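So the chains spell out like this:
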Amino acid sequence: MPKQPISESARLIATYNGSHGKLGPCSTEQWVEIAPLFREALAPLAAGPVKNVRLTATPFVRLCVFALGQGIDLELAILLQPALVEAFLATLPAGTPDARSALRKLAQTHGLPVGDTPLGYVKRSPQDPYSDDEIDALLFCAETLSTLERRVSFRALVVLGAGAGLSRSDLRDVEASSFHRHDDRMFVAAGGRCALLLERFVPIAAEICVARPEGWLLGNHNTKNITDRIVEWGKNKAGIPPLSPDRLRATYITASLDLLFSAKATFPEVLAWTGVAVATLTPYLERMPALEIVCDHATKADSK
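Every residue gets a number counted from 1 within its own chain, in the order that chain's sequence is written. Per-residue local features of the predicted model are confined to residues with pLDDT of at least 70, and side-chain atom pairs are confined, for both listing and counting, to 80 or more; whole-chain, interface and lining totals are unaffected and use all residues. Only heavy atoms go into the side-chain values, all of them from the structure, while hydrogens and water stay out.

A. The overall build of the protein chain, seen in detail. In this description a helix means any DSSP run of H or I spanning at least four residues, a strand means any run of E spanning at least two, and both kinds are numbered starting from the N terminus. Helix and strand counts for the protein chain come out as 14 helices and three strands. Relative accessibility under 20% of the residue-type maximum defines a buried residue, over 50% an exposed one, and the middle range a partly exposed one, all with a 1.4 Å probe and only protein chains included. For the protein chain, buried positions account for 44% of its 304 residues. For this analysis, residues touch if any pair of their heavy atoms sits within 4.5 Å. Considering only contacts within the protein chain whose residues lie at least 6 apart along the sequence, 65% involve residues at least 24 apart. When the accessible surface of the protein chain is summed, it comes to about 16,600 Å², and 55% of that surface belongs to carbon and sulfur atoms. Under the convention used here, a 1.4 Å probe and the Shrake-Rupley method define accessible areas, while residue burial counts only the protein chains that appear.

B. Molecular detail of the sheet that holds strand 1 (residues 179–182). Read across the open sheet, the three strands follow the order 1-2-3; overall the sheet is antiparallel. Of all strands in the sheet, those bounded by a partner on one side alone are strand 1 and strand 3 (193–196). Neighbouring strand axes in the sheet, compared pairwise and without regard to direction, differ in orientation by 40 degrees on average. If DSSP finds at least two bridges between two strands, the strands pair. Relative to strand 2 (residues 185–190), strand 1 runs antiparallel, the two sharing four bridges. Looking across to strand 2, one finds that Arg 181 is bridged to Met 186. Every axis in this analysis is a line fitted to C-alpha atoms, fitted for helices over the stretch in contact. Angles between the N-to-C directions lie between 0 and 180 degrees.

C. The packing of helix 1 (residues 8–15) against helix 3 (residues 50–69), seen in detail. At a minimum axis distance of 8 Å, the contact between helix 1 and helix 3 shows a crossing angle of 25 degrees. In terms of axis orientation, helix 1 runs roughly parallel to helix 3. Crossing handedness for the pair helix 1 and helix 3: right-handed. Here helix 1 contributes Glu 8, Ser 9, Leu 12 and Ile 13 to the contact with helix 3, which in turn contributes Val 50, Val 53 and Arg 54. Think of it as three bins: nonpolar holds Ala, Val, Leu, Ile, Met, Phe, Trp, Tyr, Cys and Pro, charged holds Asp, Glu, Lys and Arg, and polar takes everything else, Gly as well. Looking at side-chain class alone, the contact of helix 1 with helix 3 contains four nonpolar, one polar and two charged residues. Throughout, the term roughly parallel applies to angles under 35 degrees, roughly antiparallel to angles over 145, roughly perpendicular to angles from 65 to 115, and oblique to all others. Should the near helix be turned anticlockwise from the far one by less than a right angle, the crossing is left-handed, and should it be turned clockwise, the crossing is right-handed.

D. Molecular detail of the pattern of salt bridges. Any carboxyl oxygen of Asp or Glu within 4 Å of a side-chain nitrogen of Lys or Arg constitutes a salt bridge here. Per the counting criterion, the structure on display carries ten salt bridges. Note that Glu 143 and Arg 155 form a salt bridge whose closest N and O atoms lie 3.2 Å from each other. Within this pair, whereas Glu 143 is found in helix 7 (residues 132–143), its partner Arg 155 is found in helix 8 (residues 148–163), the two being separated by twelve residues in sequence. By relative accessible area, Glu 143 is classed as partly exposed at 31%.

E. Geometry of the packing of aromatic side chains. In this analysis, rings of Phe, Tyr and Trp, with Trp reduced to its six-membered ring, are considered paired at centre separations within 6.5 Å, and the interplanar angle assigns stacked below 30 degrees, edge-to-face beyond 60, and tilted for intermediate values. Counting across every chain of the model gives five aromatic pairs. Relative to Trp 273, the ring of Phe 187 has its centre 6.4 Å away and its plane inclined at 65 degrees; by these criteria the two rings are edge-to-face. Linking Phe 187 in strand 2 with Trp 273 in helix 12 (residues 267–274), this pair joins segments that are 86 residues apart in sequence. An identical accessibility class is assigned to Phe 187 and Trp 273; each is buried. Here the aromatic residues Tyr 16, Trp 31 and Phe 38 are joined through ring pairs into a cluster of three or more.

F. Structural detail: the pairing of strand 2. Sheet topology note: the strand 2/strand 3 ladder contains four bridges and is antiparallel. Each residue of the ladder has a partner; that of Phe 187, found in strand 3, is Leu 196. In sequence, strand 2 turns back onto strand 3 through a hairpin of two residues, with Gly 191 there showing a positive phi of about 60 degrees.

G. Examining the environment of Phe 179 more closely. Considering the arrangement of structural elements, one finds Phe 179 in strand 1. Counting along the chain gives 26 residues from Phe 179 to Ala 205, while the straight-line C-alpha distance between them is 8.7 Å. Leaving out residues up to four positions away in the same chain, Phe 179 has contacts with Leu 160, Met 186, Phe 187, Val 188, Leu 197, Ala 205, Cys 209 and Leu 217.

H. Fine view of the environment of Ile 135. Mapping Ile 135 onto the fold places it in helix 7. Note: C-alpha distance between Ile 135 and Thr 251 (116 residues apart in sequence) is 9.4 Å. Look past the residues within four positions of Ile 135 in its chain and what remains in contact with it is Tyr 130, Val 158, Ala 162, Arg 200, Phe 201 and Leu 248.

I. Fine view of the nonpolar core. The set of buried Ala, Val, Leu, Ile, Met, Phe, Trp, Tyr and Cys residues whose side-chain atoms join them within 4.5 Å is what this entry labels a nonpolar core. One finds Phe 38, Leu 42, Phe 60 and Phe 154 to be the most contacted residues of the largest nonpolar core, which totals 89 residues. With residues up to four places along the chain from it excluded, the contact list for Phe 60 reads Leu 37, Phe 38, Ala 41, Leu 42, Leu 76, Leu 79, Leu 80, Leu 103 and Leu 106.

Now the structure itself:
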């Protein structure tokens, strides 16, 4: 039986080399690491039009290069997650052909989830907390900024806002020495209160303190509102939610209430950490999921 001729798409996937040409998306060394995953990722496109391979190949290789630069493992399930794709797209220069559609279709081909909207996020009110994916996207955004000074300041604002609930007025004097421990938990002293640092932000805070051991963690700013300039650095980046100190604080308050409802914190502790009055918690309580308490006695009483 004669062999089936190889398709043009399959031939392109087999022969593609991301390090070829002056405008090749990666170096020869990088291609050695990327090539096996490239063949695996684009294999489902071999039976389709060659145009789809051409539209996907270069963006996917560039996404891999971005991941290597961030120390991220080259695994499809990681590379094609919406937060990482949008963080990568935010680094592309203006005028670059939009790769979002090709990468989203590639993710769908492999049965991976994609964002619900073209940008992955919708506009939120100041009291809406960030989702975990949005916080990840903001942290990825920080790593794409042009200078170390910006990267440290941007990460510090995310950590101090979402990780410790510091309001705009509390941020100015926070230094590495503001972090301290009570028993086995990390806290931040600022604005006359002591706020628990949420566990997921502890390693990032340690990195920030090493990078900026002295002076304000947000950097030295001459403006009255020290967050304004940092917020500007994250604006108009595709797929990155707008950076809002108010939403960062809302994220912390909501997380603190989660600790309360899971019996990992007391109500006085939450009030002390967040620095809010009881009445102020009402909008956040309305966003908490309803508790479903199953009681056989209550069920029997209702059935009578």
